[in-house]
Amino acid sequence: MNVQFVDLAAQYQAIREDVHREFEQLMSRGSFVLGPAVQQFEEAFAAYCGTKHCVGVASGADALQLSLIAAGVGPGDEVITAANTFIATVNAVHHAGAIPVLVDVTAADFNMDPALLEQAITERTKAIVPVHLYGQPAEMDPIMEIAARHGLLVIEDACQAHGATYRGRRGGGLGHAGCFSFYPAKNLGSFGEGGAVTTNDAALADELRMLRNVGQSEKYIHPLAGFNSRLQSMQAAVLKLKLRYLDEWNALRQHFAERYRDLLADAPGVVLPKVKPHVEHVWHLFVIQHFERDALLSALQEQGIGAGIHYPIPIAQQEAFRGVRTVPAVTPVTDAAAGRILSLPMHPHLTEEQVAHVVEAVHAFAQSNIS
Ligand SMILES: Cc1ncc(COP(=O)(O)O)c(C=O)c1O
């Protein structure tokens, strides 16, 4: 039996008819850039996240970069983010002209450790970018409190956390702005690339609308030097449709996560992911840990099971960011995690049989590798 890491073809089948109808309408209207499809999706997604505004952009990376620029972050500024994240978070800080500073994460949730945050703040710090990694919100209350005390902006990287909540409030509506990716494999994914920024700040949203559209306020009037980073109308049409299913799909992810957690609870040497009591985790990734991770990965792959590592090399060890300041100077939790973490197949279209197959393979490996 093969178990794919994600199954986008199955998801397409679930919405096939509706997608074709939307595309037919869009193509007949000949409206491919911005227009009603983008606006309708933006309104729906803002309402979903509980924010006043949403601005669609070309990718999650652009959502981060453009929101930093729109918030006034630039050369000479420092931006604090998590040491254990996808590299796009840190690239965005760099491309906004600022200096990234990477804070180690907690072993409990692999998110930014708020206890380390104040040590990372200097007189040059302008913003904090907490990442809601794997679908579980970062510990936002202390992060927001520290940010307020130091007059810093908080821009959430919610690229892996569509629909996740922290104390009952959705990610993307917790900080000054929230950045989303609609890369196909995300909990809410397009048929290509896409992203969005959610915010309650009308001025920030206006600035973002200009920045994404060649710096234009109205046709051929350019108050800003902008980018071409528009969310494509066809992607917006797909996203508007899929948004209707997001809660149902997240509930299925939660169901399969519970199955994994129950069935792997006594697997020797397997460390299961922990969920904070005051959050709703949307399980973009289901990440376990094992000391023989590479051998476990090979064993799973041999049995047709798609597994992955998110992420195998910490950013501070990547050539692109050699010499980046980290807090502490070595990041023990991030560094240790990189050698142990393994993401099991996780998507809403899994079957109970597939989960049982994965569980059986992990148990078999764990039993034969008792240290
Ligand atoms: C945590 C995180 N930040 C940023 C991004 C960048 O998003 P995109 O691939 O849409 O540019 C991703 C997506 O891969 C991500 O997982």
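The rules we used
Residues numbered from 1 in each chain as written. Predicted model: local features only at pLDDT ≥ 70, side-chain atom pairs only at ≥ 80, totals over all residues. Axes fitted to C-alpha atoms, helices over the stretch in contact; angles between N-to-C directions. Helix = DSSP H or I, 4+ residues; strand = E, 2+ residues; numbered from the N terminus. Left-handed = near helix turned anticlockwise from the far one by under 90°. Contact = placed C-beta atoms within 7 Å. Nonpolar A, V, L, I, M, F, W, Y, C, P; charged D, E, K, R; others polar. Buried ≥ 20, exposed ≤ 12 C-beta atoms within 10 Å, placed from the backbone. Pairing = 2+ DSSP bridges. Near = placed C-beta within 6 Å. Domains from an automatic or database assignment. Arc of directions from axis to C-beta.

A.B. asks: Could you clarify how one ought to interpret the packing of helix H2 (residues 35-49) against helix H8 (residues 233-243) in this entry?
C.D. replies: Contact geometry of H2 with H8 gives a least axis separation of 8 Å together with a crossing angle of 35°. Considering only the axes of H2 and H8, their crossing is left-handed. Of H8, the residues touching H2 (which contributes Gly35, Ala37, Val38, Gln40, Phe41, Ala44, Phe45 and Tyr48) are Ser233, Ala236, Ala237, Leu239, Lys240 and Leu243. The residue makeup of the contact of H2 with H8, split by class, is 10 nonpolar, three polar and one charged.

A.B. asks: Looking at this structure, I do not really get the pairing of strand S4 (residues 125-129). What am I missing?
C.D. replies: Along any regular strand, the residues point their side chains to alternate faces of the sheet. A large share of S4 lies buried, amounting to five of its five residues. As defined by bridge partners, strand S2 (residues 78-82) adjoins S4 across four bridges and the pair is classed as parallel. Of the residues in S4, the one forming a bridge with Glu78 is Thr125. Where S4 and strand S5 (residues 153-157) come together, two bridges link them in parallel fashion.

A.B. asks: Could you clarify how one ought to interpret the site of the ligand in this entry?
C.D. replies: The full set close to the ligand counts 15 residues, and Ser59, Gly60, Ala61, Cys159 and Ser181 are the nearest of them. Secondary structure elements with two or more residues in the shell around the ligand: helix H3 (60-70) and helix H4 (87-95). Split into classes, the residues belonging to the shell around the ligand amount to six nonpolar, seven polar and two charged.

A.B. asks: For this particular structure, what's the right way to read the environment of Glu139?
C.D. replies: Within the secondary structure, Glu139 sits in the loop between S4 and helix H6 (140-150). Contacts of Glu139, omitting those with residues within four sequence positions, involve Asn111 and Pro114.

A.B. asks: Would you explain the domain arrangement of the chain in this entry?
C.D. replies: How big an interface is tends to be expressed through the accessible area that disappears when the partners come together. Domains assigned within the chain are domain 1 (8-103 + 111-243) and domain 2 (246-368). Just the C-alpha atoms count here: the centres of domain 1 and domain 2 sit 25 Å apart. When residues of the side of domain 1 that touches domain 2 are traced back to their parent elements, those giving at least two are helix H1 (8-29), H4, strand S3 (99-103), helix H5 (114-120), strand S6 (165-166) and H8. No other element matches the four residues that S3 contributes to the side of domain 1 that touches domain 2. Here the residues of the side of domain 1 that touches domain 2 sort into 18 nonpolar, 10 polar and three charged.

A.B. asks: Explain the environment of Asp247 to me, please; I cannot follow it from the model alone.
C.D. replies: With respect to the secondary-structure elements, Asp247 resides in helix H9 (residues 246-263). Remark: the alpha-carbon pair of Asp247 and His162, spanning 85 residues in sequence, is separated by 9.3 Å.

A.B. asks: Help me understand helix H7 (residues 202-212), please; the structure alone is not making it clear to me.
C.D. replies: Within an α-helix, residues lying three or four positions from one another point in the same direction, as the helix has 3.6 residues per turn. Counted residue by residue, H7 has eight buried out of 11 residues, so it is predominantly covered. Of the residues making up H7, those classed as buried are Leu204, Ala205, Glu207, Leu208, Arg209, Met210, Leu211 and Arg212. The inward-facing, buried residues of H7 contact strand S1 (53-57), H3, strand S8 (177-181) and strand S9 (195-199). Following H7 by one or two positions, Val214 has its phi on the positive side, about 50°.

A.B. asks: How should I be thinking about H6 in this particular structure?
C.D. replies: For H6, every residue scored as buried is listed here: Met140, Ile143 and Ala147. The buried residues of H6 occupy one face: seen down the axis, they fall within an arc of 65°. Exposed positions of H6 whose direction lies more than 90 degrees from the buried face are Asp141, Glu145, Ala148 and Arg149. After H6 finishes, the residue Gly151 shows a positive phi value of roughly 65°.

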